[in-house]
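Listed below, chain by chain, are the residues.
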Amino acid sequence: SIRHEIRIDRPAADVWALAGDATMLHTWFPGIVDCTVDGTTRVITMGSGISMPEEILVCDDLQRRFQYRITAPLFKHHRGTIAVIDLGDQTSLVVYSTEADPRTMALVIASGTNGALHELKRQMEGDG
C-alpha cells in the first residue's frame, strides 16, 4: 500500500467537484488521455492507447471518498482510494492511496498518483 497526500488551498467542496467526478480523471491524471463511465464501470485510456477497465466501488459525496479497483488481468488485487478532507480553513488535504498485487504495480501506479495530486493542486489553485 502506498499513500500520497497534498494540501490544496481551496475548499474541500471545490476540490471534490473535480477529484470525485469519475468522468474527469483524464483532466488531472498525467498519462491518462480519456475515460468513460457506464454505471460502475470506468474504462481509462492511457496515452499509449492501452485501455484499462476499472470498477467503481465507492463514490461518497458526503465523506468525499472515491474508491475503485483496476479489473485488468495483470492485477491479482488493486484498490485505489481518493479522499478529500476539509481542513476547516478553506483548504483541503487530498489523500490518494494505492494497494496492488503484484506489489511492483503499486509502485508504478503510485508514481502516477503523486503526479496526479500535483496536477490537481495546480489546477485548483490556478497556478499556470
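In this report, the structure presented in the accompanying data block is examined.

Notes on the layout of surface pockets
Of the pockets and cavities examined, the largest pocket occupies roughly 260 Å³. Looking at the largest pocket, it is lined by 16 residues, and the ones nearest its centre are Phe29, Ile44, Met46, Ile70 and Ile109. Listed by contribution, the elements that provide at least two residues to the lining of the largest pocket are β3 (41-46), β4 (51-60), β5 (65-70) and α2 (103-125). For the lining of the largest pocket, the element with the highest residue contribution is α2, accounting for 4 residues.

Observations concerning the nonpolar core
Val15, Trp28, Val94 and Leu120 are the most contacted members of the largest nonpolar core, which totals 32 residues. Put simply, the parts of the chain that give this core at least two residues each are β1 (2-8), α1 (12-19), β2 (32-38), β4, β5, β6 (77-86), β7 (92-101) and α2. Looking at which element gives the most residues to this core, the answer is α2, with 6 residues. Once residues lying within four places of it in the same chain are set aside, the contact partners of Val15 are Ile8, Arg10, Val84, Ser92, Val94, Leu120 and Met124.

Quick notes on the side chain of Thr91
Tracing the backbone shows Thr91 in the loop between β6 and β7. There is a polar contact of 3.1 Å between the side chain of Thr91 and the side chain of Arg7. Here Asp89 takes part through its side chain, which lies 2.4 Å from a polar atom of the side chain of Thr91. If near-sequence neighbours (up to four positions away) are discounted, Thr91 is found in contact with Arg7, Ile8, Asp9, Arg10, Ile85 and Asp86.

Regarding the sheet that holds β2
Pairing within the open sheet is antiparallel, and its 7 strands lie in the order β1-β7-β6-β5-β4-β3-β2. Only two strands of the sheet have a single partner each, and these edge strands are β1 and β2. Shown here is a sheet whose adjacent strand axes are inclined to one another by a mean of 20°, direction ignored. Where α1 meets the sheet, its contacts fall on β1, β4, β5, β6 and β7, and the angle it forms with β6 comes to roughly 155°. Seen against the sheet, α2 touches β1, β5, β6 and β7 and runs at an angle of roughly 5° to β1.

With respect to unusual backbone geometry
Each neighbour pair has its own omega, and for Asp101 with Pro102 the value is 10°, a cis peptide bond. One can find Pro102 in the loop between β7 and α2. If you check the backbone angles, Arg64 has positive phi at about 55° while not being a glycine. Along the chain, Arg64 turns up in the loop between β4 and β5. For Arg64, a relative accessible area of 21% puts it in the partly exposed group. In this model, Gln90 sits at a positive phi of 65°, which is unusual for a non-glycine residue. Topologically, Gln90 is positioned in the loop between β6 and β7.

Conventions used here
Residues numbered from 1 in each chain as written. Predicted model: local features only at pLDDT ≥ 70, side-chain atom pairs only at ≥ 80, totals over all residues. Heavy atoms only, no water. 1 Å grid on protein atoms, 1.4 Å probe; cavity = no way out; pocket = protein on both sides within 12 Å on 5 of 7 lines; lining within 4 Å. Points joined across faces, edges and corners; volume = space filled by probe spheres on them. Helix = DSSP H or I, 4+ residues; strand = E, 2+ residues; numbered from the N terminus. Core = buried A, V, L, I, M, F, W, Y, C linked by side-chain atoms within 4.5 Å. Buried < 20%, exposed > 50% of the residue type's maximum accessible area, 1.4 Å probe, protein only. Contact = heavy atoms within 4.5 Å. Polar contact = N/O pair within 3.5 Å; in protein donor to acceptor, adjacent residues only side chain to side chain. Pairing = 2+ DSSP bridges. Axes fitted to C-alpha atoms, helices over the stretch in contact; angles between N-to-C directions.

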